[in-house]
Amino acid sequence: MIRVLLVFLCFTGLAAQAQINNQCVDSNRINPYYQCNEPTFNPVCGCNNVTYRNGCEMTNIGGVNYPSQYENGVCSNDGFYYFISPIPATDKINFSMQFAANQETSVTVQIIDIYGYLVFSQNYTNISTYPTTPQSIYLRDLKTGVYTFVVIAGGQYRYTKFLKYTY
């Protein structure tokens, strides 16, 4: 009987620690197909050092339980974070961006067609460590097709493919 009691007490401590230990990512909540219809661009650095567009994406798509206590907005390892919408686009896309703390610099936005030709290029200097208001980029002169949206800032570049179509 004493052995059973000792085994019970040993495992009770482990079970209690599992309940108290607050994990960063809950794998049961990760859902890459979840639709965060909240349109706000308010980047959040998760406790896993990944930047998300807003709290909805952090919680429901990434499965992250809480934001990083050391970062405010964009994670410093990311440098910057941007978001374009809508995808697919008809006549314009909206571009929002934010830098991590102490990493402001000029930004070059480019759109490249499927053949590798540069069809749009513009420099921005008003991007900061706070979420920007969406900048509209008009696509009226572009034909229907797949394009690559490229953001170059501080020696880093990132890209997103999007579809432009006309009715």
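First, a word on what this report is: a plain description of the structure on this page. In this text the structure is predicted, and so the values were computed from the model without any measurement.

## Details of unusual backbone geometry
A cis amide bond, omega -10°, links Ser85 with the succeeding residue Pro86. Within the secondary structure layout, Pro86 lies in the loop between β3 (80-85) and β4 (92-99). The omega torsion of the bond from Ile87 to Pro88 falls at 5°, within 30 degrees of zero and hence cis. Within the fold, Pro88 resides in the loop between β3 and β4. Even without being a glycine, Asn49 presents a positive backbone phi close to 60°. Take Asn49: it is sitting in the loop between β1 (44-45) and β2 (51-52).

## Some words on the sheet that holds strand β8 (residues 145-153)
Strand order in the open sheet formed by 4 strands is β6-β5-β8-β9, with antiparallel pairing between adjacent strands. Edge positions in the open sheet fall to β6 (118-124) and β9 (156-164), since each of these has one partner strand only. With direction set aside, neighbouring strand axes in the sheet form an average angle of 15°. Across 9 bridges, the pairing between β8 and β9 is antiparallel. Looking at β9, one finds that Tyr147 is bridged to Phe162.

## Digging into a nonpolar patch on the surface
Where nonpolar side chains cluster on the molecular surface, the patch consists of Ile114, Tyr115, Tyr117, Val119, Val146 and Leu163 and spans about 650 Å² of accessible area. By the secondary structure assignment, Tyr115 is in the loop between β5 (107-112) and β6. According to the relative accessible area criterion, Tyr115 is exposed, its value standing at 69%.

The rules behind these values
Residues numbered from 1 in each chain as written. Predicted model: local features only at pLDDT ≥ 70, side-chain atom pairs only at ≥ 80, totals over all residues. Heavy atoms only, no water. Helix = DSSP H or I, 4+ residues; strand = E, 2+ residues; numbered from the N terminus. Pairing = 2+ DSSP bridges. Axes fitted to C-alpha atoms, helices over the stretch in contact; angles between N-to-C directions. Patch = residues over 30% accessible without salt bridge, like charges linked within 9 Å, V, L, I, M, F, W, Y side chains within 5 Å. Areas by Shrake-Rupley, 256 points an atom, 1.4 Å probe, with all protein chains shown as cover. Salt bridge = Lys/Arg side-chain N within 4 Å of Asp/Glu carboxyl O. Buried < 20%, exposed > 50% of the residue type's maximum accessible area, 1.4 Å probe, protein only.

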